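Results of the structural survey
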Amino acid sequence: KLGVKVKEAVVVSNSVLHHFLLGLPVSGFERYPFKLELSEEVEITGKELGLEKSPETLFYVPPPLKNFIGSDFLSNVLFLEESSNGDFAVADLGTNAEMGIYGEKKLATSVPAGPAFEGVGLFSGMRALPGSIYKVFFDGRAFRFLTIGGTKPLGICASGYFDAIYLLKSFKVLNREGTFTEVKNPLLSSYIREIGGQKAFVLYDDGETLIAITQDDIRKFLLAKGAVFGGLSALLSETKVPKELFFSGAFGTHLDKRSLRGVGLIPRELPDPTPVGNAALKGASLMLGKEKHKERLRELKEEFEVL
C-alpha cells in the first residue's frame, strides 16, 4: 500500500495479540495465575512472520509488561512521559482495560471491562464511526442527539451511552441499580417501550432504523463501568492522586465530563480526563529507528509494578 519497501516497523499491542502475532501459545491467558509465554522484546523479519509482501522488513515487537498489560500500555506511557508535565494516570479503555499511574511510584493494572465500551453486544451499539450517536441531550421538550459526520443515526457509541444513561438517571427513569422505574411523566414515558420482553429507552425510530437502549444494555454498561472504577480505585489505594488523567484510544474523544462524573466511571478524587487519541501509536512512532526510546520502554517495563 505504501508503494515503497519498508525497512523497519514497530508493532505494539495487547498481550494476547502479541502472542497471536508471534505464533505463541495462549493457554497462559485462560486462568489465574495468568502467564506470558514470552516477556522479552523480539526482532523478527516479515519472512519469519509469513508476510510475503514484506519479507525483508524488520519488525520490532516491544515486550509486554505482564499478564494482560501489553506493550501498547508501555507505549502509551512512553509518549505521555515525553509530552506531560508531571504525575499522570492513563487509561486505555476497551474490552481489556489497561490503566496505570505514573508518579513517584509507577503502578499498572488491567480489568476485563467486556466489549460494551466498543458497542459490541448492545442492542444499538457500534464503535465511534460515521453515523454513530456520540452526544445525547434534553432540550426541555425532547431528547436530541448528534451523530459523527452529521449523518442519519446508525447506532450509539460509548459516549452516547454515557450521556443517555446519565440523563435517564437524572430524570429518575433509572434507579440507583440501573433498573427502569415506573415513569408517570407522559413525556418521559413516551420514550419507554418493551423490546424483546424487556423495557427499553427508544431514542430514534423512523420505521426502518430502531435505536434503543435496553435493560440488558444498561446492565452490561454498568458492569464495564464498575470494572474500570474498581481498577482505578485499586491503583489510588496504593499511591498518590496524579495531577492529570488521560484517556487513550478512540474512547474518551467525545465523552461529556458531566455524564462521566454522573454515572461514576472514575473515582471523585481523579481530575477530569483529557483525551489523547491513539497514544500507543504515537509511542510506537517514537521508537521507530530510535534506540534511546526503545531503551526507555525497557526501563519503564522494569519500573512499573503490576497490581
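The coordinates are above.
For clarity, every value in this text was computed on a predicted model and none was experimentally measured. (Residues numbered from 1 in each chain as written. Predicted model: local features only at pLDDT ≥ 70, side-chain atom pairs only at ≥ 80, totals over all residues. Heavy atoms only, no water.)

Notes on the overall build of the protein chain
Broken down by element type, the protein chain carries nine helices and 15 strands. If one aligns the C-alpha atoms of the protein chain with their principal axes, the spans along those axes are about 65 × 45 × 35 Å. For the protein chain, the residues scored as buried account for 49% of the 307 residues in total. Considering only residue pairs separated by 6 or more positions, the protein chain has 61% of its internal contacts joining residues 24 or more positions apart. (Helix = DSSP H or I, 4+ residues; strand = E, 2+ residues; numbered from the N terminus. Buried < 20%, exposed > 50% of the residue type's maximum accessible area, 1.4 Å probe, protein only. Contact = heavy atoms within 4.5 Å.)

Description of the nonpolar core
Within the largest apolar cluster, 51 residues are counted, with the highest numbers of intra-cluster contacts made by Leu93, Met99, Phe117, Phe221, Phe247, Phe251 and Leu265. In this structure, Leu93 is in contact with Met99, Phe117, Val228, Phe247, Ser248, Phe251 and Leu265, ignoring residues within four places of it in sequence. Within the second largest apolar cluster, 24 residues are counted, among which are Val77, Leu78, Tyr102 and Ala279. (Core = buried A, V, L, I, M, F, W, Y, C linked by side-chain atoms within 4.5 Å.)

Focus on the environment of Ile101
As for its position among the elements, Ile101 is in strand β5 (residues 96-102). Placed 12 residues apart in sequence, Ile101 and Ala89 show a C-alpha to C-alpha distance of 4.2 Å.

Observations regarding the sheet that holds strand β1 (residues 8-10)
The strand order β1-β3-β2 describes an open sheet built from three strands, whose pairing is mixed. Looking at strand neighbours, the two that pair on one side only are β1 and β2 (42-45), the edges of this open sheet. Between one strand axis and the next, the sheet turns through 25° on average, direction left out of account. In the sheet, β2 pairs with strand β3 (residues 58-61) via four bridges, with the strands oriented antiparallel. Paired with Glu43 across the two strands is Tyr60, which belongs to β3. (Pairing = 2+ DSSP bridges. Axes fitted to C-alpha atoms, helices over the stretch in contact; angles between N-to-C directions.)

Some details on the sheet that holds strand β7 (residues 132-138)
The mixed open sheet is built from three strands, whose spatial order is β8-β7-β9. Every other strand in the sheet has two partners, leaving β8 (143-147) and β9 (155-156) as the edge strands with one partner each. Where β7 and β8 come together, five bridges link them in antiparallel fashion. When the bridges of β8 are listed, Phe138 appears paired with Phe143. The sheet contacts of helix α4 (residues 158-170) involve β7, β8 and β9, and relative to β7 the element is tilted by about 25°.

Some details on the pairing of β5
Taken across its seven residues, β5 has six buried, putting it largely inside the fold. The pairing of strand β4 (residues 88-92) with β5 spans five bridges and is classified as antiparallel. What sits directly across from Ala89, in β5, is Ile101. Turn length for the β4-β5 hairpin, with the two strands adjacent in sequence and antiparallel, is three residues. The antiparallel hairpin formed by β5 and strand β6 (residues 106-112) contains three residues in its connecting segment.

Some details on the packing of helix α3 (residues 71-83) against helix α8 (residues 279-287)
Packing of α3 against α8 brings their axes to within 7 Å, and their N-to-C directions diverge by 75°. The orientation of α3 relative to α8 falls into the category roughly perpendicular. The segment α3 lies against α8, with Asp72, Ser75, Asn76, Leu78, Phe79 and Glu82 engaging Ala279, Ala280, Lys282, Gly283, Ala284, Leu286 and Met287. Among the residues forming the contact of α3 with α8, the class breakdown is seven nonpolar, three polar and three charged. (Parallel < 35°, antiparallel > 145°, perpendicular 65-115°, else oblique. Nonpolar A, V, L, I, M, F, W, Y, C, P; charged D, E, K, R; others polar.)

Considerations on the pairing of β7
Looking at chain direction, β7 and β9 are connected through two bridges and run parallel. Each bridged residue has a counterpart across the sheet, and for Ile133 the counterpart in β9 is Ile156. Counted along the chain from β7 to the antiparallel partner β8, the turn is four residues long, and its residue Gly140 has a positive phi close to 100°.

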